[in-house]
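Observations on the three-dimensional arrangement
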Amino acid sequence: MSRSCKILRQPYQAHPRPGAGFTLAQPITASYLRCPPKQSIFKFKRQEATVHENYSETGTVVKIMSRLPVSKRVFPSSSSLDSGQDTGPAQKRIRKDPESVKPQAAATVIGGRRPPVAATRAPISKPVRTVGSATVAGAPSRGVLRQTVASAATRGSNVKLSVAPTGTKPGGGGVVKRNKWDLKGKVSDMEDKLRNYQTKVKSANQENDALRGSVAQSHTKVMEMERELETQRKQISEYEKELKVLSGVRAEVERVSSERNSLQEELSQLEGKYKVMETLRASQETELQTLTMKLSVKESTLAQVQANLQDAKQEICSLKETVSGQEDELHAGEMERRRLHNTIQELKGNIRVFCRVRPLVDGGASKHIQLPLSDNKTVTLAKTEESHTGKTADTQKNYNFSFDRVFGPQATQQEVFEEISLLVQSALDGYNVCCFAYGQTGSGKTYTMEGSEFDDTRGVIPRAVQQIFKASEKLGAQGWEFTFTASFVEIYNETLRDLLYTGKANKRPEHEIRKSINNQISITNLTYEKVTNEDQVLGLIALANQNRSTAQTAQNDRSSRSHSVFQLDIEGANAGRDVKCKSTLCLVDLAGSERMVKSQSQGERFKEMTAINGSLSNLGIVIAALANKESYIPYRNSKLTYLLQGCLGGNSKT
Ligand code: ADP
Ligand code: MG
C-alpha cells in the first residue's frame, strides 16, 4: 500500500537573515549578479517531490522522497562543489528507518498545495546539526537559482527540507544591490559568503562523518539482517521439510477423511438397518407379548389339563384294576366256555355223522330219498323191490337212517359249516378235530370241503380257516398268541404225496409217517407251511388242487380214488397266564366210496380198489372201535388211520 503526497516547492523568497535557522543560502556570484532579478534567481519552478509511504512488514511507514530537484551550482570550497559542473537534477532518496520517520520541527515538509506561508517556517530549523539532520546548500550558478534539496538519512534523524533564497544578505532581509564601484563591499560580501560556505562545508563534513557512522551501522544492520535472513532461510527450509511432512500428513488426513466418509456411509447404512431391526424388534416384542399371553393361557389350560390328567390317571388305575379283574373273569369265563363247549360237544358226541344230500343236476330232489320236514336228523331211502314169485305186486321198501344232522339238497354251504364250526372252535380250544367227507364219487365231497372260490359257495376248509384266524385275533386280546402250520397230503394206493410240493416232478421225495416219543405224528419230507392269514391258506388250497389235477391227467380221475388230507396245526400260548394249547384240525376229502365189482377190476384198478376199500373199511373199523371205546384201535391197518390216529382217539372230535 502506498500513499503519496506532493511537496510543493515554494517560490523563492529572500531569507530575512542569512545563516539564521536551517536556511539554504544562495551565494551571490558574478553571473548571478548579472542576471536580472526578475528572471534569474527566483525563477523557481514548481516542482514536485513525492513522498512514498511504504508500509514495512512490521507495519511502520517508510517514507521515500524522490525526484527532488537539485540546483546546478558551483561550490568553490568544496570538492563536490568544485567539480565545475552542474550536478544536474539529482535524485536523492532518503531512506529512513521505520521508527525514525517522524517529521521534526526542523524539516519543512510541505504537502499538497499548501500556501507559501508554510515555507516561511524554515527558520525554525537549526542550520547545523551534528546528528539527525542534513543540510544541503545549493548555490545558484550563472544567475540561475537551482533548487536545493537537503536530504539526510540517518537513523533516528528527521528529514528536513529547506530552501533558502540566494542573494540574501547576512543579517539583512532581501537582496542588497551594490554599486559597481563598491568593490570593498562586494569583497566583504564575498568574504561573508565564503565564511558561510566554510561553515557549511564543515557542517557537511560533520554530516559526512555522521553518515559514515550511519553507513557502518547500516552495514552492521545489513550483516545482522543477513544473519537473520540466513536464520529465516534455515527456518524456511525447516518449514519446507515440515511442509513435506505435513503434505504426507495431508495425504493421510485425506485418506482418513475418505475412510471417515466411507465409515459415515456405513454408519448411515447401519443406522438404517438398525432402524429396520428396531422396527422388527418392536413387532417381535409385540408378538412375544401376545405369545406370552397365549402361553400363560395355555399354561393355565395345561395346569387344568394336568389336574384332569391326574384324575384320569387315577381313574385309569382304578379302571385297570377293574380291567384286570375282568380279564381274570374273562379268562376264567373263557376256560369255562371251553370246558362247557367241550362238554356240549362230548354230549353231542365226539364222533358225529352228518348227512348231506346233494341236489340233482337239474335242481330237483331224488325220488327215492325222502327227507322228513319235521326232523333234520333222519333220511329215508325208498326202494322198490320186485316180487320174487311174480304173483305179488312189487313192494316198496323204506330204509331209515338217522344222523346227527341231515342237510337236504337246499342246504347251503353256510348251514353245513355252522355245524362244523363248533368243532373248529374245539380245535382252537385245544382239541384235535377230524372231519371226513365220505361218499360216492360225485356226491359232493369236494364241493362240501372246498367249494368254489365265490364267497357263498366256499366250502368247509376256507370257512374253517377264516373262523380260526378271526377267533385267534380275538383271543389275542386276552393274551393268546397262535401259530398255524398247514400241510396238504394225498394218500393214493397207500402212498403219501405232498400236495404242496413245488419242486420238480421227477424229484418228488418219498414220505414216511413218523411217530415221535410223545405220540406226535409227522410225515417226512412233507411241506409244512407257516400261515398267518386266510389268503395264504387259500393259496395253498389252490396249489394242492393244481398238484391233484396234474396227477389226474396222467391217471384218469385220480382224485376220486385218493384221500386228500388238509391239516392245520394250531399252537396257542397265553404267556400271561401260563397256559398253552396244541391241536390239529384235519379236513379230509376221502376217495369215492362206491364199490367196484371185483371181477371188473384188474391190474392198477384192482390195486386201487383194494387200497380204497381197505383204507375206508379200516377207517370205519377204527371209528367204530373208538365209538365203542374198544381197547384196541387198529390205526396201523391203513395209512389214513395211522396218519390221523392223533386226531381220532381220546377227546378228539370226529
Ligand atoms: P365228489 O367230490 O364227491 O366226487 P363233487 O364234489 O366233485 O363230488 O361234486 C360233483 C358235482 O356236483 C360238482 O360239479 C359239484 O359242483 C356238484 N355238487 C355237489 N354237491 C352239490 C351241492 N350241494 N349243491 C350244488 N352242486 C353240488
Ligand atoms: Mg371229489
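Rules used throughout
Residues numbered from 1 in each chain as written. Chains lettered and ligands numbered in written order. Predicted model: local features only at pLDDT ≥ 70, side-chain atom pairs only at ≥ 80, totals over all residues. Heavy atoms only, no water. Pairing = 2+ DSSP bridges. Helix = DSSP H or I, 4+ residues; strand = E, 2+ residues; numbered from the N terminus. Near = heavy atom within 4 Å. Polar contact = N/O pair within 3.5 Å; in protein donor to acceptor, adjacent residues only side chain to side chain. Areas by Shrake-Rupley, 256 points an atom, 1.4 Å probe, with all protein chains shown as cover. Buried < 20%, exposed > 50% of the residue type's maximum accessible area, 1.4 Å probe, protein only. Axes fitted to C-alpha atoms, helices over the stretch in contact; angles between N-to-C directions. Parallel < 35°, antiparallel > 145°, perpendicular 65-115°, else oblique. Left-handed = near helix turned anticlockwise from the far one by under 90°. Contact = heavy atoms within 4.5 Å. Nonpolar A, V, L, I, M, F, W, Y, C, P; charged D, E, K, R; others polar. Core = buried A, V, L, I, M, F, W, Y, C linked by side-chain atoms within 4.5 Å. Phe/Tyr/Trp six-rings, centres within 6.5 Å; stacked < 30°, edge-to-face > 60°. Lys NZ or Arg CZ within 6 Å of the ring centre and 35° of its normal.

On the basis of which strands lie adjacent, the open sheet formed by 3 strands has the order S5-S6-S7 and antiparallel pairing. The strands lining the two open edges of the sheet, one partner per strand, are strand S5 (369-370) and strand S7 (395-402). Sheet topology note: the strand S6 (residues 378-385)/S7 ladder contains 8 bridges and is antiparallel. Paired with Val379 across the two strands is Phe401, which belongs to S7.

All right, on to the pairing of S6 then. Here S5 runs beside S6; their pairing, made up of 2 bridges, is antiparallel. Residue Ile369 lies in a different strand from S6, and its bridge partner there is Leu381.

Lining the immediate environment of ligand 1, one finds Arg356, Arg358, Pro359, Gln440, Thr441, Gly442, Ser443, Gly444, Lys445, Thr446 and Tyr447. Between an oxygen atom of ligand 1 and a main-chain N or O atom of Gly444, the distance comes to 3.1 Å. Lys445 is positioned such that a nitrogen or oxygen atom in its side chain is 2.9 Å from an oxygen atom of ligand 1. If ligand 1 stood free it would expose 550 Å²; the protein chains cover 66% of that surface. Considering each element in turn, the shell around ligand 1 owes the most residues, 3 residues, to helix H4 (residues 445-449).

Even without glycine at this site, Glu494 takes up a positive phi of about 60 degrees. Position of Glu494 relative to the elements: it lies in the loop between strand S10 (480-492) and strand S11 (495-498). Unusually for a residue other than glycine, Lys629 sits at a positive phi of about 55 degrees. Relative to the assigned elements, Lys629 resides in the loop between helix H7 (603-627) and helix H8 (639-648). For Lys629, a relative accessible area of 74% corresponds to the exposed category.

A few words on the packing of helix H3 (residues 413-428) against helix H5 (residues 460-477). Orientation of H3 relative to H5, taken along the N-to-C sense of each, is 45 degrees, at an axis distance of 9 Å. Between H3 and H5, the angle is such that the two are oblique. By crossing handedness, the relation of H3 to H5 is classed as right-handed. On H5, the residues that touch Gln413, Gln414, Phe417, Ile420, Ser421, Val424, Gln425 and Leu428 of H3 are Val460, Arg463, Ala464, Gln467, Ile468, Ala471 and Ser472. Classifying every residue of the contact of H3 with H5 by side-chain character gives 8 nonpolar, 6 polar and 1 charged.

What follows concerns the side chain of Arg338. With respect to the helices and strands, the residue Arg338 is situated in helix H2 (residues 183-348). Ignoring any residue separated from it by four or fewer positions in sequence, one finds Arg338 in contact with Leu428, Asp429, Leu475, Trp480 and Cys581.

Moving on: the nonpolar core. Burial of nonpolar side chains together is a common tendency in soluble globular proteins. Core analysis: the biggest nonpolar cluster contains 37 residues, and Phe566, Leu568 and Leu587 have the highest contact counts within it. In this view, Leu568 contacts Ile468, Phe484, Thr485, Ala486, Val531, Ser583, Thr584 and Leu585; residues no more than four positions away in its chain are not counted.

This paragraph deals with the packing of aromatic side chains. Two aromatic rings, taken as a pair, are described by how far apart their centres are and by the angle between their planes. Per the stated rule, a full pass over the model turns up 5 aromatic pairs. Ring geometry for Phe354 and Phe407: centres 6.3 Å apart, planes at 70 degrees, overall edge-to-face. On the criterion of sequence distance, the pair formed by Phe354 in strand S4 (residues 354-356) and Phe407 in strand S8 (residues 405-407) is long-range, its members being 53 residues apart. An aromatic cluster of three or more residues is present, and its members are Phe469, Trp480, Phe482 and Phe484. The residue whose ring lies beneath Arg338 is Trp480, and the NZ or CZ to ring-centre distance is 4.6 Å.

Don't take any of this as a statement about function, it's just geometry.
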